[in-house]
Amino acid sequence: MSITKLAVSLASPLPKLESFDRYLFIGPHPDDIEIGAGATAAKLVSAGKNVAFLCCIDGRYGSGTVPPEALIPIRRAEAKASAAALGVADVRFLPFCDGGFYELNDLKSAIAKVVGEFKPDVILCPDPQVKSECHPDHLNVGRAASEIAYFAPYEGIMQHHGASAAPVKAIAYYMTASPNRYVKTSKVLLERQLSAIFGCHKSQFPDGSAEGRAIAMYLRIRSLDFGLRSFSLHAEGFRTLDTLRMHCLPEAGK
């Protein structure tokens, strides 16, 4: 750790993710939130926190057998059922087309409106700086959510998006290769996460599918790995930035 980064950490430590009250989980497609941070969402709901899910992309091209327009309502229904299995009742959807066929500024404004309505303390979204990520929807949603998280408290800027200001205090990236904060979970929460994914998102993970087995194994290993890093049996990891670290502090990204 550099001297500068150490000084910033000592002067202004990152807050615990569980210390806030309102959390907006932003996902590219239905199922991404659950895969990236489902156990954390379930833990926060159980702790009495206010949690909402926002699915930005319709996922219409997520099946080789169901026509795209027919798949959209199926995936919405699956997302609602999966969120309910984690205890989340507030599930919102944006109408953007799967595969990156939309304008990024339109995506930003749509996210801004939901942020202004829900007024989260923390926004959680995919990490747009993961080097291996090739899906434009994951990258676009991560970038758009990052920009809105930073600008959310600025009323004038949010008005340009047709949105109200919101007191966002931190952004936490799931699906990250560089976690700096961990949420301790449990085997029970992990199994609840897996049940929500594979019990509800059948259009993506049919019973017995090879991809489903691979994702389930990955999530089990990741839970144990992050658990070891946080001195617990199970955990989920996030690259977290507070308002201080969102701007002009390059050390925060290391």
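A brief look at the structure comes next.

Thresholds, definitions, all that
- Residues numbered from 1 in each chain as written.
- Predicted model: local features only at pLDDT ≥ 70, side-chain atom pairs only at ≥ 80, totals over all residues.
- Heavy atoms only, no water.
- Helix = DSSP H or I, 4+ residues; strand = E, 2+ residues; numbered from the N terminus.
- Buried < 20%, exposed > 50% of the residue type's maximum accessible area, 1.4 Å probe, protein only.
- Contact = heavy atoms within 4.5 Å.
- Salt bridge = Lys/Arg side-chain N within 4 Å of Asp/Glu carboxyl O.
- Pairing = 2+ DSSP bridges.
- Axes fitted to C-alpha atoms, helices over the stretch in contact; angles between N-to-C directions.

Tracing the chain through its elements places Gly87 in the loop between α3 (68-85) and β3 (90-96). Residue Gly87 is classed as partly exposed on the basis of its relative accessible area, which comes to 34%. Separated by 164 residues in sequence, Gly87 and Glu251 have C-alpha atoms that sit 36 Å apart. Apart from the residues within four sequence positions on either side, Gly87 is in contact with Val45 and Arg192.

With that settled, the discussion passes to the environment of Ala165. You can see Ala165 is positioned in the loop between α6 (155-160) and β5 (170-174). Once the C-alpha coordinates of Ala165 and Pro13 are considered, the two residues, 152 residues apart in sequence, prove to be 25 Å apart. Setting aside its immediate chain neighbours within four residues, Ala165 contacts Gly116, Lys119, Ala152, Pro153, Tyr154, Glu155 and Met158.

All right, on to the pattern of salt bridges then. Throughout the structure, instances matching the rule amount to 14 salt bridges. With a shortest N-O distance of 3.5 Å, Glu236 and Arg222 are connected by a salt bridge. Residue Glu236 is found in strand β7 (residues 235-242), and its partner Arg222 is found in helix α8 (residues 210-229); the two are separated by 14 residues along the sequence. Comparing Glu236 with Arg222 shows no difference in burial state: the two are buried. What you see here is one network of salt bridges that share partners, running through Asp58, Arg60 and Glu69.

The mixed open sheet is built from seven strands, whose spatial order is β3-β2-β1-β4-β5-β7-β6. In this open sheet, the two strands that pair with only one neighbour each are β3 and β6 (181-184). Across the sheet, the mean angle from the axis of one strand to that of its neighbour is 25 degrees, orientation sign disregarded. With three bridges joining them, strand β1 (residues 22-27) and strand β4 (residues 122-126) adopt parallel strand pairing. Among the inter-strand pairings, Tyr23 is bridged to a residue of β4, identified as Val122. The sheet contacts of α3 involve β2 (50-57) and β3, and relative to β3 the element is tilted by about 155 degrees.

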